[in-house]
Amino acid sequence: MDEMFTKSMARNIFYGGTVFFFLLFLALTFDTMGVVPSRDNHENLTPTVIAGKTLWEENNCIGCHTLLGEGAYFAPELGNVYVRFGNSTEAIKGFIKSRPKDGIPGRRSMPQFNFTDEELEQLAQFLKYTSEINTSNWPPNIMG
Amino acid sequence: MEYQSQAVAKYYFTAAIGLFVGQILFGLIIGLQYVVGDFLFPEIPFNVARMVHTNLLIVWLLFGFMGAAYYLIPEEAERELYSPALAILMFWIFLVAGALTILGYLLVPYSTLADLTMNELWPTMGREFLEQPTITKLGIVVVALAFVFNVGMTVLQGRKTVINLVLMIGLVGLAVFFLFAFHNPSDLVQDKFWWWWTVHLWVEGVWELILGSILAFVLIKTTGVDREVIEKWLYIIIAMTLITGIIGTGHHYYWIGTPEYWQWWGSIFSAMEPIPFFMMTVFAFTMVNKRKRDHPNKVAVLWALGTGVMAFLGAGVWGFLHTLAPVNYFTHGTQITAAHGHMAFYGAYVMVVLAIISYAMPIIRGRAANSNKAQVMEMWSFWLMTVSIVFITLFLTAAGILQTWLQRISDTPMTFMAAQDQIAIFYWMREFAGVVFLIGLIVYIMSFFVSEEDEMNA
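Residues numbered from 1 in each chain as written. Chains lettered and ligands numbered in written order. Predicted model: local features only at pLDDT ≥ 70, side-chain atom pairs only at ≥ 80, totals over all residues. Heavy atoms only, no water.

1. Here we look at the domain arrangement of chain B
Residue and element names in this part refer to chain B.
Then, number 1: The domain boundaries assigned to chain B delineate domain 1 (1–160) and domain 2 (225–458).
Then, number 2: In this structure, domain 1 and domain 2 have C-alpha centres spaced 20 Å apart.
Then, number 3: Of the roughly 2500 Å² buried where domain 1 meets domain 2, counting both sides, 81% is carbon and sulfur surface.
Then, number 4: For the pair domain 1 and domain 2, the number of links is one salt bridge.
Then, number 5: Between E76 and R227 there is a salt bridge, with the nearest N and O atoms lying 2.8 Å from each other.
Then, number 6: At the boundary of domain 1 and domain 2, one finds three residue pairs in polar contact (both at pLDDT 80 or more). (Domains from an automatic or database assignment. Buried area = accessible area lost by both parts, 1.4 Å probe. Salt bridge = Lys/Arg side-chain N within 4 Å of Asp/Glu carboxyl O. Polar contact = N/O pair within 3.5 Å; in protein donor to acceptor, adjacent residues only side chain to side chain.)

Quick look at the structure:
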């Protein structure tokens, strides 16, 4: 590199740049926290939905599915599954309940989790809540 | 080896390679499950095997980073490690905790593991990459703090160089940003927002500082280029990393309920994230061209050059491919992401850890470099693994483009599973490339056992 460009100049760019852009990131984060409540559907964050989120986590659903595009890419997107299933929590519950214990020969299959009716309702309500988050019109179509 | 305590790195490097093997075996299992859906079902369902695959990757890279720090910090600080005993103790704690966690994943259903570890007291489980039980996460914090204390004291009481300073900033950042793993709001948008403070600010932030300093160390040692020159490069590379990468976090905030201005911030800044990686490639090649000595450890230099090139391709080019919001709208959460993930992790982090292992292990074992025969074997492993990862990435990219088209763009969009059936051929080819990767890894391990009859002394 050019002799005119010294190590201390490089060091100052590192410290100055890092501090400046981290502060900018904090400012944007602060602003985001103000905007998120108008988009995150928190008014529907009922105890049932929160219990559904816990079930979602404690059964590692993210290990196969994506949720709002994040997760594993082995099984369908579930951020809009409520809409894909015809705005029906019953259809979601029916699907989860009907998974064969030993899978489907040669094909991917969701495990049978033996959820109670109450747990099924919690999961379905969590997925309904998720589908109502304002995601800037993502996914592009109903298929997820 | 200049300082006896550098030898603790050997424990960490050995464990890293062992866990690497486990990671690849589970990678092959989930790769096969993509096309033979009932393989090992229901004994080892996909979600469990994938969790083992990704968690082993993270843990073995952490072992690699720690080993690298224990090796290079005493040498840079020009003194013995503050406490070798603490380093050994933390090694065993980390290894046993890691092994128990993996066994927990494999032996009981995940929900049972959540119950056994009392996840309800402080729910942190079940989020991608952060699946570890809360108690394991607390263990990681303890190990990280003891580790940062140990190397930090060594630096404080010794010579401060840019390399050990940058490494320390990276390691402290690693520990600090991991704390966001304990923050799990019920609000899904908030949950996802803060999750990235660990995940993105690790791999596209502080980990790159660790990467840069390890690479700079290996280049100083193998090329003999003046430290002033190398340190200047290191500063400017990591400056560009954080200037682009911190706001670049925004490329994860397009479609998760966060404000739409992130589409601008994220696109513009993450489009510049390839710059530091490109500079890293130029840096590595320039230093090797300007070398003042011909180090006998040729294969360590090969890994160092490979890190620059593959990190630029995997993290830089394949990241750019889908980082602009209008593109990401269609590719988000498809095999394109998987393609990028594989080459970026291999090119940036796997290769730099293998570079420092390649440089340091012969010295720890009492020689400047391995025999020519062992080095040639290791070079074979370099090419087998690197070419396989290139093909894995290309096949997954092809799968991702088709998936995006069939499922999201076509006038008659298919369901997810129908599209998956259409692209199965690429999953088969990926699996084949994965088997070649495993062969490369076996050759790599065999290179450690080549006898040293025609040992080279420099």
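2. Quick word on the interface of chain A and chain B
Then, number 1: On the side of chain B, 89 residues touch chain A, which itself brings 73 residues to the contact.
Then, number 2: Residues E70(A) and K192(B) are paired through a salt bridge, measuring 3.0 Å at the closest nitrogen-oxygen approach.
Then, number 3: Counting across the interface, chain A meets chain B through 35 residue pairs in polar contact (both at pLDDT 80 or more).
Then, number 4: Elements supplying a minimum of two residues to the side of chain A that touches chain B: α1 (7–35), α2 (47–58), β1 (66–67), β2 (70–71) and α5 (117–131) of chain A.
Then, number 5: When residues of the side of chain A that touches chain B are assigned to their parent elements, the largest contribution, 19 residues, is made by α1(A). (Contact = heavy atoms within 4.5 Å. Helix = DSSP H or I, 4+ residues; strand = E, 2+ residues; numbered from the N terminus.)

3. Here we look at empty space enclosed by the protein
Then, number 1: Scanning all chains against the criterion turns up four cavities of 30 Å³ or more.
Then, number 2: In terms of lining, the largest cavity is formed by 13 residues, of which the most central are I62(A), R127(B), E128(B), D191(B) and K192(B).
Then, number 3: Looking at the lining of the largest cavity, the elements with two or more residues in it are α2 of chain A together with α7 (188–223) of chain B.
Then, number 4: Looking at the lining of the largest cavity, the element that brings in the most residues is α7(B), giving four residues.
Then, number 5: Split into classes, the residues belonging to the lining of the largest cavity amount to five nonpolar, one polar and seven charged.
Then, number 6: Considering only enclosed or pocket space, the second largest cavity measures out at about 100 Å³ in volume.
Then, number 7: Forming the boundary of the second largest cavity are L62(B), F65(B), M66(B), F94(B), I140(B), V143(B), A144(B), F147(B), V148(B), L171(B) and L174(B).
Then, number 8: Put simply, the parts of the chain that give the lining of the second largest cavity at least two residues each are α2 (46–77), α5 (134–156) and α6 (162–178) of chain B.
Then, number 9: Per element, the largest residue contribution to the lining of the second largest cavity is five residues, and it comes from α5(B). (1 Å grid on protein atoms, 1.4 Å probe; cavity = no way out; pocket = protein on both sides within 12 Å on 5 of 7 lines; lining within 4 Å. Points joined across faces, edges and corners; volume = space filled by probe spheres on them. Nonpolar A, V, L, I, M, F, W, Y, C, P; charged D, E, K, R; others polar.)

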